[in-house]
Amino acid sequence: MASSGQVSFKLEDHPKLPKGKRIAVVVLDGWGEYKPDQYNCIHVAQTPTMDSLKQGAPDRWRLIRAHGNAVGLPTEDDMGNSEVGHNALGAGRIFAQGAKLVDLALASGKIYDGEGFKYISESFEKGTLHLIGLLSDGGVHSRLDQLQLLLKGASERGAKRICVHVLTDGRDVLDGSSVGFVEILENDLAKLREKGVDARIASGGGRMYVTMDRYENDWDVVKRGWDAQVLGEAPHKFKNAIEAVKKLRENANDQYLPPFVIVDDNNKAVGPIVDGDAVVTINFRADRMVMLAKALEYQDFNKFDRVRVPKIRYAGMLQYDGELKLPSRYLVSPPEIDRTSGEYLVHNGVRTFACSETVKFGHVTFFWNGNRSGYFNPQMEEYVEIPSDVGITFNVQPKMKALEIGEKARDAILSGKFDQVRVNIPNGDMVGHTGDIEATVVACKAADEAVKMILDAIEQVGGIYIVTADHGNAEDMVKRNKSGEPLLDKNGDLQILTSHTCQPVPIAIGGPGLAPGVRFRSDAPNGGLANVAATVMNLHGFVAPNDYETTLIEVADN
Ligand SMILES: O=C(O)[C@H](O)COP(=O)(O)O
Ligand SMILES: [Mn+2]
Ligand SMILES: [Mn+2]
């Protein structure tokens, strides 16, 4: 259904809850609930505000599901992530997400019948097919098995020359796993070569240093990728990708490997992108592919000097931005996340303020609004981005911009100009991804302080707060066996978990404006992130649309 036209956005009045309350919606990024031990940074950190909210259980604090099917992922083993988490929070329904849609399209073969594949396959006769993306089985941005199927499918359908430009992970999967993934890929490519397809890895680099920046935080990251992938230029040259990754890992972890290109015996890059080639960015997730998609697709582009802009046929695995229609060609249609809560609330007079720092700014805006950039109604909304630190790993500055976000939210609440003030506080997640336990403890404390600032402001104006998280991360920093004991690697060292988790996340409601009798229902034990939107609509005094996942609250008659 389109998000305009025939759709009525009028919401019914809630029979018991009043309108006009100022509501803070706080999303702690990467803040799950797990057993209290030394690797649970939230437990170790001083978090008096979040601890005090927990005292409200079960009526005003509970846990909700944030991974697997509850957020539209293919299996219950899939950890949650920011995209699917914020999509569910904002849209109030569970949509089959990119990971699943690509699985289905590959399994049925429909991916090869679509316009996107037809378009790129017109280059197969004379040009090279370049596949650029994250190489791991993390399932957050991409999946190795999908790349493997695409390689097979494209070669069976006429691709004669294929170059893979790999981005090593170590963030959604264990650090150090990049070598194994490159080995698997090399093995597959060798088999394709036996079948007469000239298939090889052409370049690489660590995802956080090469290509996969987001929300325009640092274009140099994308430029480094462009230079290696398109121009065939990089500071490191190797004959073989396995050797490249092993060697570069001596001085950097998987996330931050410097860019490299694979060269032939004459020291010439084997796979720059040239006129007549086809390019597919294989990530299904949007945020960290949008910048490269712009560089590949836009004629007018001034973010860095592209030096040479090849005439290519480019398709994304998915369309990454529905509003910008970027990229215009794609292999699989993205989930149609329509009628999000933000759109409804704006139509019903709720003035909204949303804020985070750059690295999570799109989470509370773009993802929250169903992968749609921009405002629904600029008269009713204000989105504020606080510039993130650039060029550092966040364990160096674990407090990040938490207090600045808290201040902006506080000012927005006190200003009286907004009915909903929505923030994402990134620390637990961004620092958790570095694998630095001490820094993550500092990060969690800072996040807790930011929550306090917001709750204090809500207290002052007689408002309501709802505090939750998008998925776990900081509550568990080690890989564990089935019984929950930390696992050691072959050197006897702890295996640090840089990724998200499958743990549930807390949700708390409160504030002086919360009507007496409002409490969490006890009959929704499987509640998840998608139930939050209806809950927020209730707190604004509205009943959620019928097809939204049910509310988590009820109003008891006192
Ligand atoms: O992109 C990232 O930083 C990680 O892959 C996932 O983290 P996020 O889902 O919290 O953004
Ligand atoms: Mn997140
Ligand atoms: Mn994360």
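Conventions and cut-offs
- Residues numbered from 1 in each chain as written.
- Chains lettered and ligands numbered in written order.
- Predicted model: local features only at pLDDT ≥ 70, side-chain atom pairs only at ≥ 80, totals over all residues.
- Heavy atoms only, no water.
- Axes fitted to C-alpha atoms, helices over the stretch in contact; angles between N-to-C directions.
- Helix = DSSP H or I, 4+ residues; strand = E, 2+ residues; numbered from the N terminus.
- Parallel < 35°, antiparallel > 145°, perpendicular 65-115°, else oblique.
- Contact = heavy atoms within 4.5 Å.
- Nonpolar A, V, L, I, M, F, W, Y, C, P; charged D, E, K, R; others polar.
- 1 Å grid on protein atoms, 1.4 Å probe; cavity = no way out; pocket = protein on both sides within 12 Å on 5 of 7 lines; lining within 4 Å.
- Points joined across faces, edges and corners; volume = space filled by probe spheres on them.
- Domains from an automatic or database assignment.
- Left-handed = near helix turned anticlockwise from the far one by under 90°.
- Near = heavy atom within 4 Å.
- Polar contact = N/O pair within 3.5 Å; in protein donor to acceptor, adjacent residues only side chain to side chain.
- Sits in = over half its atoms within 2 Å of the grid points.
- Core = buried A, V, L, I, M, F, W, Y, C linked by side-chain atoms within 4.5 Å.
- Buried < 20%, exposed > 50% of the residue type's maximum accessible area, 1.4 Å probe, protein only.
- Donors = N, O, S within 2.8 Å, 3.2 Å for Na, K, Ca; no water.
- Pairing = 2+ DSSP bridges.

1. So, the packing of helix α7 (residues 178–194) against helix α9 (residues 241–248)
Closest axis-to-axis distance for the α7/α9 pair is 9 Å, and the angle between their directions is 175°. If you check the angle between α7 and α9, you find them roughly antiparallel. The segment α7 lies against α9, with Ser178, Val179, Val182, Glu183 and Glu186 engaging Ala241, Ile242, Val245 and Lys246. For the contact of α7 with α9, the residue count by class is five nonpolar, one polar and three charged.

2. Details of empty space enclosed by the protein
Scanning the entire structure with this criterion turns up five cavities of 30 Å³ or more. For the largest cavity, the calculated volume is near 80 Å³. Classifying every residue of the lining of the largest cavity by side-chain character gives one nonpolar, four polar and eight charged. Two domains each donate at least three residues to the lining of the largest cavity, and these are domain 1 (27–95 + 337–510 + 518–555) and domain 2 (99–332). Size it by volume and the second largest cavity reaches roughly 50 Å³. For the lining of the second largest cavity, the residue count by class is six nonpolar, three polar and one charged.

3. As for the packing of helix α3 (residues 82–91) against helix α12 (residues 358–367)
Interaxial distance between α3 and α12 falls to 9 Å at its minimum, and their mutual angle equals 40°. In the packing of α3 onto α12, the handedness of the crossing is right-handed. Within the contact between the two elements, α3 uses Ser82, Glu83, His86 and Asn87 and α12 uses Lys360, His363, Val364 and Phe367. When grouped by side-chain class, the residues that make up the contact of α3 with α12 number two nonpolar, four polar and two charged.

4. Points about the site of ligand 1
Surveying the vicinity of ligand 1 reveals 17 residues, the closest of which are Ser82, His141, Arg171, Asp172 and Arg288. Between an oxygen atom of ligand 1 and a side-chain N or O atom of Arg214, the distance comes to 2.8 Å. With respect to the detected pockets, ligand 1 is housed in the largest cavity. Residue composition of the shell around ligand 1, grouped by class: one nonpolar, seven polar and nine charged.

5. Comments concerning the nonpolar core
Note that soluble globular proteins tend to have their nonpolar side chains buried in a common cluster. Counting residues in each nonpolar core, the largest one holds 151 residues, and the members touching the most others are Ile120, Leu129, Met317, Leu331 and Ile425. Here this core takes 10 residues from helix α15 (residues 437–461), the largest share from any one element. Two domains share this core, each providing at least three of its residues, namely domain 1 (27–95 + 337–510 + 518–555) and domain 2 (99–332). Grouped together as the second largest cluster of nonpolar side chains are 12 residues, Val350, Ala533, Phe542 and Tyr548 included.

6. Things to note about the coordination of the manganese ion (ligand 3)
Six octahedrally arranged donors around a metal ideally form angles of 90 or 180 degrees; four tetrahedrally arranged donors ideally form angles of 109.5 degrees. Every protein donor of the manganese ion (ligand 3) is accounted for by Asp429 (OD), Asp429 (OD), His433 (NE2) and His500 (NE2), and the metal-donor separations fall at 2.1 to 2.3 Å. When the donors of the manganese ion (ligand 3) are listed by position in the chain, the intervening gaps give D-x3-H-x66-H. The distance between the manganese ion (ligand 3) and the manganese ion (ligand 2) is 4.3 Å.

7. Let's talk about the sheet that holds strand β2 (residues 61–64)
What the seven strands build is an open sheet, ordered β2-β15-β14-β1-β13-β11-β12; its pairing is mixed. Edge positions in the sheet fall to β2 and β12 (381–386), since each of these pairs with one other strand and no more. The mean angle between the axes of side-by-side strands here comes to 15°, regardless of whether they run parallel or antiparallel. Of the pairings in the sheet, the one linking strand β11 (residues 352–357) to strand β13 (residues 420–425) comprises four bridges and is parallel in character. Its bridge partner being in β13, Phe353 is matched across the sheet by Val421. Lying on the sheet, helix α13 (residues 402–415) is in contact with β1 (23–28), β11, β12 and β13; it crosses β11 at an angle near 170°.

8. Digging into the environment of Val164
Here Val164 shows up in strand β4 (residues 161–168). Counting along the chain gives 273 residues from Val164 to Ile437, while the straight-line C-alpha distance between them is 34 Å. Beyond its immediate stretch of four places on either side in the chain, Val164 contacts Leu131, Leu147, Leu151, Leu185, Leu189, Arg200, Ile201, Ala202 and Ser203.

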